[in-house]
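# A structural walkthrough
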Amino acid sequence: MKFAYRFSGLLGTVYRRGNLSFTRDGSSLISPVGNRISVFDLKNNKCETFPLATRLNIVCVGLSPDGSLAILIDEEGAALLVSLIGKCVIHHFYFHKPVHSVSFSPDGKKFVITKDNVALMYHAPGKKREFNAFVLDKTYYGPYDETTCIDWTDDSKCFAVGSKDMSTWVFGAERWANLIYYSLGGHKDVIVACFFEENSLDLYTISQDAALCVWQCDTELDGLKSMPPKNAAREKDAAGDDEEFLEEPKGEEIHGKANPSEQETREKVKYSRVAKYFFNKEGDFNNLTCAAYHKKTHLLVTGFASGIFHLHELPDFNLIHSLSISDQRIASISINCTGDWIAFGCSGLGQLLVWEWQSESYVLKQQGHFNSMVSLAYSPDGQYIVTGGEDGKVKVWNTSSSFCFVTFTEHTSGVTAVTFTSNGYVILSASLDGTVRAFDLHRYRNFRTFTSPRPSQFSCLAVDSSGEIVSAGSQDSFEIFIWSMQSGRLLDVLSGHEGPISCLSFNPMKCVLASASWDKTVKIWDMLESWRTKETFIFNSDVLVVAFRPDGKELAVAALNGQITFWDHESAVQTGSIEGRHDLQMGRKELDKITAKQSTKGKSFTTLCYSADGQSILAGGLSKFVCIYNVKEQILMKKFEISCNFSLDAMEEYLDRRKMTEFGSMALIDGGAGDEDGVAIPLPGVKRGDMSYRHFKPEIRVTCLRFSPTGRSWAATTTEGLLIYSLDSGLIFDPFELDIDVTPSNIRKTLHQKEYTKAIVMAFKLNEKQLIQEVIEAVPSDEVDVVCSSLPDLYVEKVLEFLASAFEISCHLEFYLIWAHKLLMLHGQKLKTRSVRLLPVIQFLQKSIQRHFEDVSKLCEWNIYNIKYALAISKQRGMKRLAEEPSEDEETLDSDSDYLMQEVHKDNSSS
């Protein structure tokens, strides 16, 4: 149970690539983040990442009309059928080729996928109980080049498919007598999107060169005639004979022709182009990259390679407004069911925006770190996480909502380390630009900047437990700089190391600083003795990271040879060591000449972190694994695989022989940019993409690990983003000192007899959360005092931990506050003696209470303001409304507002 940590959230990455989709009710947005999907609840301001993953990055997502199922398809065409209700994988399927788009029919009975130059229609899963979830219905041929987009008519009778060969094809979902297929031209570039008009076969097609064609059909949807049955009985018999020999029934094939004969087109549906519009002004070459259309409001939204989007009303092509939201191409657009909110995804910078076009305001505006994250730190109450990235930004994330609420951009180079001070309202960050900056979380500003006499690149940072002394280590001058937080002055420069400083750590209990360096030493500096070196520990290889245990009595050191050693820094004695190199299990990169086993010999842990109780230690490095060790026993307790995304490099232990040729690895062959990035063509005569562009795969690595002060979760900054792992307190039966008489019925019987203390003890022995909640909430509020005083010491800690978790979900706020207050008042002295062990529980309780306090205090302030306002209005109306003065309205309004301002000033001064 202690190590039952499960993936619970992905922060720092809001959009990678693929299509955005709104849920059925229009209040939540589904965004692909690498090989996972995140659901942004826009009304409740929360984000959740599903605990499921594809093998490669997701490129397209299809949502069923009822909002219960989703199809996720990755880069190689492997699909997952996912339940959005149960958040689990139902079925795996492989399409064998990369898929460009997927779309369910509005009635939910079919779905179409496009790959190569083919459209495949499948029976939608879940409508009837079937063994195979994906059953092929029909295969549609027609386009000569790759297909790009799909759209259905409202009654699911027909669908349209756009292609890179500049044509759009309309296919019948059933074999209609007057419409089997129809080909539309009229464009000079790749088709980006096609949309049917509401309850009509009229069509809009949009191409990459920013041209819109409006097509009118001479037949209504009701005018589609069903095909007369041809020898139905004979066909049925023949099909039955075939199926005896076929393992899997093959779907019907429909072959379209671009230039059908006159006989074939007689008495068939005909299309005519009624208008053609251009988005770009004359001389402006701005590629159109994506589009979305809302049929009820006739609203067309188009995104461009320059980061601009336009809103038009169709069919008249009236521009409503246009706005630049990014300097990178807009990769995906989606409109919710009401037509109020428009979602934009920019894959270049990882931006996700939701725009309310009528009020012209942002509903959501999130962006991850442009480059990889380097460092993270938890706030003392575990409510916030701060991250620093190579892009020079410092971002603060709320752990409960998973949103970034402030970004500091003052650094001009990569951030190397971040930390919170002990009060939790000041963030410190060190950077390669030669500054250490302090940020205030009350006013969101940079209020201190610490610099060195000579410019230095700072590689690490530490702040003491009082928050008064700030230290940073230099990469180039091999010195440690000490500043005062109050004055901002440089207090001292500590020299003695002969190599770059790799890590600094303050003792949580004393003002003692440990510094690690590439010169194979760790030095202990004592502030009380004028920063003299107290001890120097010498190692066999370069020291990369150093960390103090939360009680300050032990020091953990990780070196380049893959060893983690533990020291008693007071007596300078080594208390243990862990040989961790084999636990890293490095993967082999695509271009590596040596095997993964050989490359592991030179690898080591680059980040360490003690758990909140100090009994175990987390270690991570240039690998997809995070190891958790027991410090006392010095053994590996558990390994967490943080990613299964093979779109990243160094994931596989052995290279795939199919990718090896006589000339070397296939990874050496670069396909170039293609034309999907929407880049301007840099050379005359180059038909497609930028020849100077090079494709690369980011390498999987863990740059920083931190345990939450509450002990309930830990976080890791990785190539994929900020991963949160939490204790899974779901369906786990974990009894405590269980007895044969402890059963739910006996507990309820004891509760009925009003023996509350005994019932609570029995409930905690069984350790079922719902039963504990039932027992505690059955205790009358006036008897809480008596029950608390008679609780055994062992169960006081357990009740406090339960209260902390109950605060997060329960509405009985005052009742649980009475419990917490009584327990702490009655058992405070005894709890103080076990403070080190109890600290995570107390911090968890503080975090829960603090969050409620912030919410309730805002509500109360708003209510007080409203009451004051109402009182001021009522007083003013009683005094000013005289019978003989019903004259000018304007004068009355002016005097009313003057009086109102006076009353509010009076109230403010009195309060």
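Nothing here was measured: the structure is a model prediction, and the numbers come from that model.

### What to know about the overall build of the protein
Summing up its helical and strand segments, the protein has 12 helices and 59 strands in all. Burial analysis of the protein (911 residues in total) assigns 51% to the buried set. Across the protein, the fraction of contacts at a sequence separation of at least 24, relative to all contacts at a separation of at least 6, is 50%. Total accessible area on the protein is roughly 44,200 Å²; 51% of this is exposed by carbon and sulfur atoms.

### Looking at a nonpolar patch on the surface
On the surface, a cluster of nonpolar side chains totalling about 380 Å² of accessible area is made up of Trp862, Tyr865 and Tyr869. One can find tyrosine 869 in helix H11 (residues 835-880).

### Focus on the pairing of strand E24 (residues 299-304)
E24 sits mainly inside the fold: 6 of its 6 residues count as buried. Alternating residues of E24 divide into Leu299, Val301 and Gly303 and Leu300, Thr302 and Phe304, and every residue in both groups is buried. Pairing geometry for strand E23 (residues 288-294) and E24, over 6 bridges, is antiparallel. The residue bridging cysteine 290 from the neighbouring strand is glycine 303, located in E24.

### A short note on the nonpolar core
Across soluble globular proteins, nonpolar side chains have a tendency to be buried as a group. Ile760, Ile776, Val799, Trp819 and Leu823 are the most contacted members of the largest nonpolar core, which totals 39 residues. Elements supplying a minimum of two residues to this core: helix H5 (744-752), helix H6 (756-766), helix H7 (769-778), helix H8 (784-790), helix H9 (793-809), helix H10 (813-833) and H11. With 9 residues, H9 is the single largest residue contributor to this core. With residues up to four places along the chain from it excluded, the contact list for tryptophan 819 reads Ile760, Ile776, Val779, Val784, Val787, Cys788, Val799 and Leu803. Residues Phe537, Leu584, Phe605 and Ala619 belong to the second largest nonpolar core, which totals 30 residues.

### With respect to the side chain of threonine 147
Turning to its location among the elements, threonine 147 is positioned in strand E14 (residues 147-152). Under the relative-accessibility criterion, threonine 147 is labelled buried at 2%. When residues no more than four places from it in sequence are discounted, the contact partners of threonine 147 are His100, Thr114, Lys115, Asp116, Asn117, Val118, Val161, Gly162 and Ser163.

Rules used throughout
Residues numbered from 1 in each chain as written. Predicted model: local features only at pLDDT ≥ 70, side-chain atom pairs only at ≥ 80, totals over all residues. Heavy atoms only, no water. Helix = DSSP H or I, 4+ residues; strand = E, 2+ residues; numbered from the N terminus. Buried < 20%, exposed > 50% of the residue type's maximum accessible area, 1.4 Å probe, protein only. Contact = heavy atoms within 4.5 Å. Areas by Shrake-Rupley, 256 points an atom, 1.4 Å probe, with all protein chains shown as cover. Patch = residues over 30% accessible without salt bridge, like charges linked within 9 Å, V, L, I, M, F, W, Y side chains within 5 Å. Salt bridge = Lys/Arg side-chain N within 4 Å of Asp/Glu carboxyl O. Pairing = 2+ DSSP bridges. Core = buried A, V, L, I, M, F, W, Y, C linked by side-chain atoms within 4.5 Å.

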